[in-house]
Number of protein chains: 2
Amino acid sequence: MKSTFDILKEAKAAKAVLCALDTKTKNEALLRMADALEKNSEAILLANKQDMENAKGTVSDVMLDRLCLTPERIKGMADGIREVACLPDPVGEVLARVERPSGIVVEKTAVAMGVVAIIYESRPNVTSDAAALALKSGNVCVLRGGKEAFLSANAIVTAMRKGLNEINLPETLINLVQDTTRQSANELMNAVGYVDLLIPRGGAGLIKAVTENAKVPCIQTGTGICHIYVDEDADFEKALNIIENAKTSRPSVCNAAEVLIVNSKIAREWLPLAKERLVDKRAAEGKIPVELRLDERASEIVEGTKATENDFDTEFLDYILAVKVVDSVDEAICHISLHSTGHSEAIITENSENADKFTKAVDSAAVYVNASTRFTDGGEFGLGCEMGISTQKLHARGPMGLKELTTYKFIIKGDGQIR
Amino acid sequence: MKSTFDILKEAKAAKAVLCALDTKTKNEALLRMADALEKNSEAILLANKQDMENAKGTVSDVMLDRLCLTPERIKGMADGIREVACLPDPVGEVLARVERPSGIVVEKTAVAMGVVAIIYESRPNVTSDAAALALKSGNVCVLRGGKEAFLSANAIVTAMRKGLNEINLPETLINLVQDTTRQSANELMNAVGYVDLLIPRGGAGLIKAVTENAKVPCIQTGTGICHIYVDEDADFEKALNIIENAKTSRPSVCNAAEVLIVNSKIAREWLPLAKERLVDKRAAEGKIPVELRLDERASEIVEGTKATENDFDTEFLDYILAVKVVDSVDEAICHISLHSTGHSEAIITENSENADKFTKAVDSAAVYVNASTRFTDGGEFGLGCEMGISTQKLHARGPMGLKELTTYKFIIKGDGQIR
């Protein structure tokens, strides 16, 4: 087994190769990688079958489904890589240019980060997505997936490397950490001088561990305690549609709503409608009803579970919704500022003054007026794809596309100028 | 004495006030602050005199000169604030806008960070510069200066707060930490939820301590081991002018050159000219001659001190220059990648191929062709002013102006859209 440190040294050495490639070559490499995935799907499926067998009984059914590959899913992964090939290349773009009185020309130019490491969990498609995004943005990637998906990830990387080989590019542009114990994650976090950017993708525990302990630059992603505030001037039907969509269309994702805040002036009238939509109607249709966890005031209006303090600080990722009643948009903003993870929040209102107040004061990556928080996604924002959703303010905020995987440098050309 | 935590709480509470101010009001506040500095210059000079007396004998003459205020310097500080008032306001700018097929409109909008804390050393003008830049970019500032300059900083902040008072703005938009022991620096580094961005400005020790230990987001600034590589195809006269300027025009600053790398094909001819210019000519003119610290090969060509390993990893900030001979631009790039702090490096060459290779491969904030590294500065790059020079790749790289003190959020407006 190759050590993590050896892999990091190889990745660092490969930076120079990747930074010298032009857009055409990078796109050609991506198309070869996509084709190689499909050509080697038999080997990938075999490895995946083994992963599935090993994982059975140790992980939940949801996890097993995430882990499972099919020929269709492999085709989807290959098409994902092909889509990245079609996106514009962010590297080399001159972001600003100024000619100074002295005659020097200063160009602020987008460049790759260098080596991007990604620590993720069990979804095999993250392996190909992350490799494609890194390569297109000029970055060597070091992938460190979950142990349940190791054989699948290894087969996927092996296939993509075959694609690189076909056009004589070094395999070390795409690297998979072989050690899936906690030690390798620690090595990546401490690889100062080797890892230029570390992105943790996964549960809150992983992200907390990385952002608190990493000595290398990293970006906090993904945890989403998303709030929807239904204002006194809300359109009732819009509010019902949006909360239903944000809570139930895909509860396991980070942009799903976890907390509903309702203005007291409409709570008596609207909350029963919300309960009808989220609980009774769903039960009648044979769907999983939403469990409402109600604060004191909400529980005086509708039936449901009594909320604990903790319920307003939990990313349920399930058919559970914490509900709170407030007296004003200001009180809603205040609650959000204390409990939000800075991901996505929405106000439902026809009152433009309250909408403005909310979008100005709420300090989150995405702030919505009359739309579902589920739209927070690179594709939905027109970025084409994403490496994750940043919940921090430095560097990147919200969905991270290709551009967010680059930095810039100032290139200054003179003719002997001194200061 | 007000505790650092109480100051942080007040700063956090003041965010909402500042984020609601329009550009006109912020500019008016800046002009009042500038006038107040001049009106209160007597009190500021008195405080500064006390600082100077306390510091005498405990700090170097260079430090004493940095600490010293005069009526002219106060006028300069006030004018610095007035210049910030004239710069464009970065807050609220729509950086990208897209209308999606669903009808939602996504606006990526520049917003303030929130609370920006700055840990700095003894120059009193940093107090007013930082306060002005923070206010203009919509950020509440928490200033923590060096203990030698505390009375001066306190008098400056008191004056600026009087300016805020005149137009009924809360004093807590500008805050000075009262405790100047190490404890307050630690409190700022750990103030998760209170400090949105921490900027250390000062020596390498301070910056290392902050970037290694801070739990809040921070930006690494300033340490500059800057290299100048004189290529085989260099114009000799340009090379002499640039190294002289980069080394001697202001040796105590971070963009001064510390290392000279010379191609072996011209070293025998050019290095003696460099020694003549940097050592002999300066001595003859009564200026401080540069001490050359020569590697093995350079010491075979000219006279000077024998370099130790350490000399190629030291920010001298003095009339000292480490000198190394290499056989190619590749070897120069390789040395730089091992020893640079990522600040500024230059190649002197008339060969555009080597220039391109150098600017592509050198991974620093500013990479020069035929110009002095001394240009790395917000004003020189046309940014108007700067809060420091970032040597990291995340968020900001190189001189940080107003824009780099902001982040963005996505504001999404819909009419009931769900996904």
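About the cut-offs
Residues numbered from 1 in each chain as written. Chains lettered and ligands numbered in written order. Predicted model: local features only at pLDDT ≥ 70, side-chain atom pairs only at ≥ 80, totals over all residues. Heavy atoms only, no water. Axes fitted to C-alpha atoms, helices over the stretch in contact; angles between N-to-C directions. Helix = DSSP H or I, 4+ residues; strand = E, 2+ residues; numbered from the N terminus. Parallel < 35°, antiparallel > 145°, perpendicular 65-115°, else oblique. Left-handed = near helix turned anticlockwise from the far one by under 90°. Contact = heavy atoms within 4.5 Å. Nonpolar A, V, L, I, M, F, W, Y, C, P; charged D, E, K, R; others polar. Expected span 1.5 Å × (residues − 1). Buried < 20%, exposed > 50% of the residue type's maximum accessible area, 1.4 Å probe, protein only. Pairing = 2+ DSSP bridges. Buried area = accessible area lost by both parts, 1.4 Å probe. Salt bridge = Lys/Arg side-chain N within 4 Å of Asp/Glu carboxyl O. Polar contact = N/O pair within 3.5 Å; in protein donor to acceptor, adjacent residues only side chain to side chain.

### Here we look at the packing of helix α10 (residues 236-248) of chain B against helix α11 (residues 264-284) of chain B
All names here are of chain B. Running from N to C, α10 and α11 point in directions that differ by 45°, and their axes come no closer than 10 Å. As judged from the angle between their axes, α10 and α11 are oblique. The two elements α10 and α11 meet at a crossing, and its hand is right-handed. In this structure, α10 contributes Phe-236, Glu-237, Ala-239, Leu-240, Asn-241, Ile-243, Glu-244 and Thr-248 to the contact, and α11 contributes Ile-266, Glu-269, Trp-270, Leu-273, Ala-274, Arg-277, Leu-278, Lys-281 and Arg-282. A class-by-class count of the residues in the contact of α10 with α11 yields nine nonpolar, two polar and six charged.

### Considerations on helix α2 (residues 23-39) of chain B
Residues and elements named next belong to chain B. Taking 1.5 Å per residue, 17 residues should reach 24 Å; α2 reaches 24 Å between its end C-alpha atoms and fits that length. Along α2, the residues classified as buried are Lys-26, Asn-27, Ala-29, Leu-30, Met-33, Ala-34, Ala-36 and Leu-37. Of the surrounding secondary structure, the elements contacted by the buried residues of α2 are α1 (4-19), α3 (41-55), α5 (71-86), α6 (124-136), α7 (150-166) and β5 (174-176).

### Quick word on the sheet that holds strand β13 (residues 366-371) of chain A
With respect to topology, ten strands assemble into an open sheet ordered β10(A)-β9(A)-β11(A)-β8(A)-β7(A)-β12(A)-β13(A)-β16(B)-β2(B)-β1(B), the strand pairing being mixed. Of all strands in the sheet, those with a lone pairing partner are β10 (305-306) of chain A together with β1 (94-99) of chain B, marking the two edges. Relative to strand β12 (residues 344-348) of chain A, strand β7 (residues 226-230) of chain A is paired through four bridges, and the arrangement is parallel. When the bridges of β12 of chain A are listed, Val-230 of chain A appears paired with Ile-348 of chain A. Helix α11 (residues 264-284) of chain A rests against β7, β8 (257-263), β9 (291-294) and β11 (320-326) of chain A of the sheet, and its axis sits at about 145° to β8 of chain A.

### Let's talk about the interface of chain A and chain B
Taken together, the contact pairs 66 residues of chain A with 66 residues of chain B. Counting the surface lost from both chain A and chain B, the interface buries some 5,400 Å², and carbon and sulfur atoms represent 53% of this. A salt bridge links Arg-419 of chain A to Glu-380 of chain B; the shortest N-O distance between them is 3.4 Å. If you look at where chain A meets chain B, you find 43 residue pairs in polar contact (both at pLDDT 80 or more). The element best represented in the side of chain A that touches chain B is strand β16 (residues 406-417) of chain A, accounting for eleven residues. Of the residues in the side of chain A that touches chain B, the class split is 29 nonpolar, 17 polar and 20 charged. Both β13 of chain A and strand β16 (residues 406-417) of chain B contribute to a ladder of five bridges, which runs parallel. Bridging from a neighbouring strand, Val-369 of chain A pairs with Lys-413 of chain B of β16 of chain B.

Just geometry here; none of it tells us what the structure is for.
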